[in-house]
Amino acid sequence: MAGLNVDDVKVSLQKFGLYDYVVFVLMLLSCVMIGVYFGFLKKKAKKGEAEADYLVGNRQMKIIPVSLSLIASFISGISLLGTPTEIYLYGVQYMYIIGGVITMGFIMVHFYLPVFHNLKLTSTYQYLQTRFDKRMRLFGSILFTLATMAWLPIVIYVPALAFNQVTGINVHLITPIVCVICIFYTCVGGLKAVVWTDVIQTVLMFGAMLLIIVKGTLDVGGLSVVMDRAAASGRIEGPDLRFDMTTRHNIYSCVIGGVVYWLKTNAVSQNMIQRYLSLPTLAAAKRALWTFIFGTLVLLGLCCYSGLLIYAKYYDCDPLTTKLAKAKDQLLPLLVMDTLGDFPGLPGLFVAGVFSAALSSLSTGLNSMSAVVLEDFFKPFSNRPLSEKQTSIIMRAVVAVFGAICVGLVLVVEKLGSVLQLSMSLGSVSNGPLLGIFTLGVLVPWANGTGAIAGGTVGLVIMIWVCLKAQLAISTGELAFETKPVDTQGCSYHFIASEPMSMLAINATAPPLDTTPIDQGFALHHVSYLWYTTMGASITIIIAIIVSFAVGPNKPDEMNPALFSPFIQRILARRRIATQRAQLEMVSGGSKKIIQ
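None of these values were measured; they are calculated from a predicted model. (Residues numbered from 1 in each chain as written. Predicted model: local features only at pLDDT ≥ 70, side-chain atom pairs only at ≥ 80, totals over all residues. Heavy atoms only, no water.)

Overview of the state of the cysteines
Two cysteines whose sulfur atoms are joined by a covalent bond form what is called a disulfide. The full count for this structure, using the stated rule, is 1 disulfide. At a sulfur-sulfur separation of 1.9 Å, the disulfide partner of cysteine 317 is cysteine 491. Since a negative S-S torsion denotes a left-handed disulfide, the cysteine 317-cysteine 491 link at about 105° is right-handed. With a gap of 174 residues between them, cysteine 317 in the loop between α13 (282–313) and α14 (319–322) and cysteine 491 in the loop between α19 (449–476) and α20 (532–551) connect regions that are remote in the sequence. Comparing cysteine 317 with cysteine 491, the two get one shared label, buried. Cysteine 31 takes part in no disulfide bond, and the closest cysteine sulfur to it belongs to cysteine 182, at a distance of 7.9 Å. For cysteine 31, a relative accessible area of 0% gives the class buried. Among the cysteines around cysteine 406, which has no disulfide bond, cysteine 179 carries the closest sulfur, lying 7.7 Å off. (Disulfide = S-S within 2.5 Å. Helix = DSSP H or I, 4+ residues; strand = E, 2+ residues; numbered from the N terminus. Buried < 20%, exposed > 50% of the residue type's maximum accessible area, 1.4 Å probe, protein only.)

Now the structure itself:
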C-alpha cells in the first residue's frame, strides 16, 4: 500500500458486496417472518389470555430459547464492539468483571428471583406497589422508562457504526430501515417473536465472533503471536489490587461494583425479569439464569480476545491515530474487513451478527416498555377495566411510538463518545436508586413507602449530578488520561496524525485503567463509573432506612411474607413463632395466677 493515503486504504477495505448484502438481508427477513408467524399465522391465544401471551408468552416458554434470548438481550452491539475497544485501549483489567457476573448469579438465585417469580408478576414495578405504595410503582416505572430511553439509542447507533465502517453508507440512512423492521416484528409478534428472533441472533453473534477470531489469529501468525504482542504492550496483566475508587478498573470496582451493576441489569430490570417470568417454574428460571451466565461469560471471553487480536494486527500502525477508523468503536469492523473482506458473504455475516445483537436488545427494550406502560401507566389510572382490543392497541402503539423516538435520539448519541462506558454511566443514573428500592423491598421489612420515595429521590438527584459532572469533566479535558501504548512506525500508508504521540489517549474516552485523574484532591465525580450503581443504591438504602424509622417503620409481623426473600421469610417465621410462644407463656402464666 506504499504511496496510498489513509482515505485510499479506507475505501479499499469497504468490500461489502452482493453476497454480503444478501446475508444481511436474509437475517432481517428471517426476523420479519418470525414476527409474521407469531403475529398472524400462529394459533391465536384464548380469550382473556392475549395480554399474557403477548407480554410473557403465557408463562409457558422453554428454557433454552429463553436463555439464548437473555444472552442476546444483554450482549448488545455495545458489548460486541465496545468490549474489544476497551481491551485494545486499556488492557484486560475489565475482564475481571467475570467475578462480579458469577457472584451476581448466586445473589439473584437466593434473594431476588424467587420473590418475583412466585408472585407471578408481569411488570416488576407491580411489586413496588404491593410492597410499598402506588407512588413507588409510578416512581420505579418512570425511572425505568427514562433509563430505557437513554440506553436504546446507543444500542441502535453502535451497529450503524459497524455498517458505516464496512460499507461507507451513512449511519442515519441504515438506522431507520433496520429499526422499522425491529419495531414491526416486536409489535406484531410480542414476546414469542422477540425470543425466537433472539435465538437466531445469538447463533449469529457467536458464529461471527468465532469466525473473526479463527481467521484473524491465523493471519497474524497464531495464538502465541497475539499473546506475546499483547503482553509486551502491557495489555495482559494481573488484577490491580490497589483500593482506589478513582481507578477506573481494579479488582474491587470490577467484582464489587460489577456485581451490583449486573444485579440491577439482570435481577430487577424489567428487560430481563420479563424473560424469567415467561418460564413456568422457578426451577426452570434458575436453570435459564445459569445458562445465561455461562453463555455471557463465553461471549465476553470472545470479545476480550478479539480486542487483543486487534492490537496484534495493528500493533505497529494504530488505526485510531491514522484515522483509518473514524470512531473507537469501529475497530472490530475494521479488523473484519481487513481479515474477511476477500471472502464474499463473511463480512455480511459479521454485520448481521452485530445488528442481531442490537435488534435483540432493541426488541427486548420495546417489549418491556409495552408491559410497563400498560401495567403501570394505563391500568392503574383507568376508570374501568381495559378491553382486549384496547389492551392490544396500547401494547403495540407503545412499541411503535418509543421505537420512533429512539431512532430520533440517535442524533444525540452520535455526539457523546465511547459507547461501553457511556451506556453503563447513563444507565447508572437510575439503576442505582432502582436497585436500592427493590433491595429495600426484598430485604428490609421495616422500610416503608415514605422512606423508599425519599431515598430513591435523593439517590437519583445525586447520581444525576455525579454522572453529568463526570461526562462534562471528560469532554472538557478536566480529566486527562492515558491508554496503553500504541505505535505508527510500521504504517504503509500516509496519514496526518491528529495529535502528537504523547497524546494518543483520545480525550473523549472513558477514565484510565491504571491512573487517576490529573487533578488535585478527591472529587466524587472522579470515582470509577463501575461504582456508580453501588453509590446510587447505597445512598437510596441509607436515606430510606433513616426516613422510615423517623416517620415510623413497618411492623414486619404484619406484612405478607411472600414479598421478601426466602431467608427473610424464615427470619420472620421464627419471629412469629417466638412471639406466639411468648404470648402463650403470658396466657398460661396468667391462668396459673388466677387458679392460685
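Having seen the structure, we can now continue with the description.
Here we look at the side chain of threonine 321
Checked against the element boundaries, threonine 321 lands in helix α14. What makes threonine 321 buried here is its relative accessible area of 3%. Polar contacts involving the side chain of threonine 321 include one to the side chain of aspartate 318, which spans 2.5 Å. (Polar contact = N/O pair within 3.5 Å; in protein donor to acceptor, adjacent residues only side chain to side chain.)

Looking at the pattern of salt bridges
Any two side chains of opposite charge can pair if their charged atoms end up close together. The tally for this structure, following the rule as stated, stands at 8 salt bridges. Among the salt bridges present, the one from aspartate 240 reaches arginine 242, with a minimum N-O distance of 2.8 Å. Accessibility expressed as a relative area gives 12% for aspartate 240, which makes it buried. You can call arginine 242 partly exposed: its relative accessible area is 46%. For aspartate 557, the salt bridge identified is with arginine 575, shortest N-O distance 3.5 Å. With aspartate 557 in the loop between α20 and α21 (566–595) and arginine 575 in helix α21, this residue pair connects regions lying 18 residues apart in the sequence. (Salt bridge = Lys/Arg side-chain N within 4 Å of Asp/Glu carboxyl O.)

Looking at unusual backbone geometry
The phi angle at lysine 120 is positive, at roughly 55°, despite the residue not being glycine. Within the fold, lysine 120 resides in the loop between α6 (98–118) and α7 (125–131). Residue class for lysine 120 comes out partly exposed when judged on its relative accessible area of 46%. Within the chain, lysine 323 stands out as a residue other than glycine whose phi angle is a positive 70°. Locating lysine 323 in the fold gives a position in the loop between α14 and α15 (331–340). Among the residues examined, lysine 323 registers a relative accessible area of 34% and is labelled partly exposed.

Section: a nonpolar patch on the surface
Where nonpolar side chains cluster on the molecular surface, the patch consists of Leu18, Val22, Val25, Leu26 and Leu29 and spans about 460 Å² of accessible area. In this fold, valine 22 is placed in helix α2 (residues 18–41). Classification of valine 22 as partly exposed rests on a relative accessible area of 38%. (Patch = residues over 30% accessible without salt bridge, like charges linked within 9 Å, V, L, I, M, F, W, Y side chains within 5 Å. Areas by Shrake-Rupley, 256 points an atom, 1.4 Å probe, with all protein chains shown as cover.)

Examining the environment of phenylalanine 402
With respect to the element layout, phenylalanine 402 can be found in helix α17 (residues 388–413). On the basis of relative accessibility, which here comes to 17%, the residue phenylalanine 402 falls in the buried class. Sequence-wise, phenylalanine 402 and threonine 148 are 254 residues apart; in three dimensions their C-alpha atoms are separated by 9.8 Å. With near-sequence residues (within four places) excluded, phenylalanine 402 lies in contact with Thr145, Met149, Leu366, Met369 and Val373. (Contact = heavy atoms within 4.5 Å.)

Quick look at the nonpolar core
Generally speaking, soluble globular proteins have nonpolar side chains that are buried together. Residues Phe24, Phe116, Tyr276 and Phe292 are the most contacted members of the largest nonpolar core, which totals 177 residues. Considering every element that reaches this core, the biggest residue donor is helix α9 (residues 171–220), with 19 residues. Phenylalanine 292 has contacts with Ser67, Leu70, Ile71, Phe74, Met104, Trp262, Asn266, Met272 and Tyr276, leaving out every residue within four places of it along the chain. (Core = buried A, V, L, I, M, F, W, Y, C linked by side-chain atoms within 4.5 Å.)

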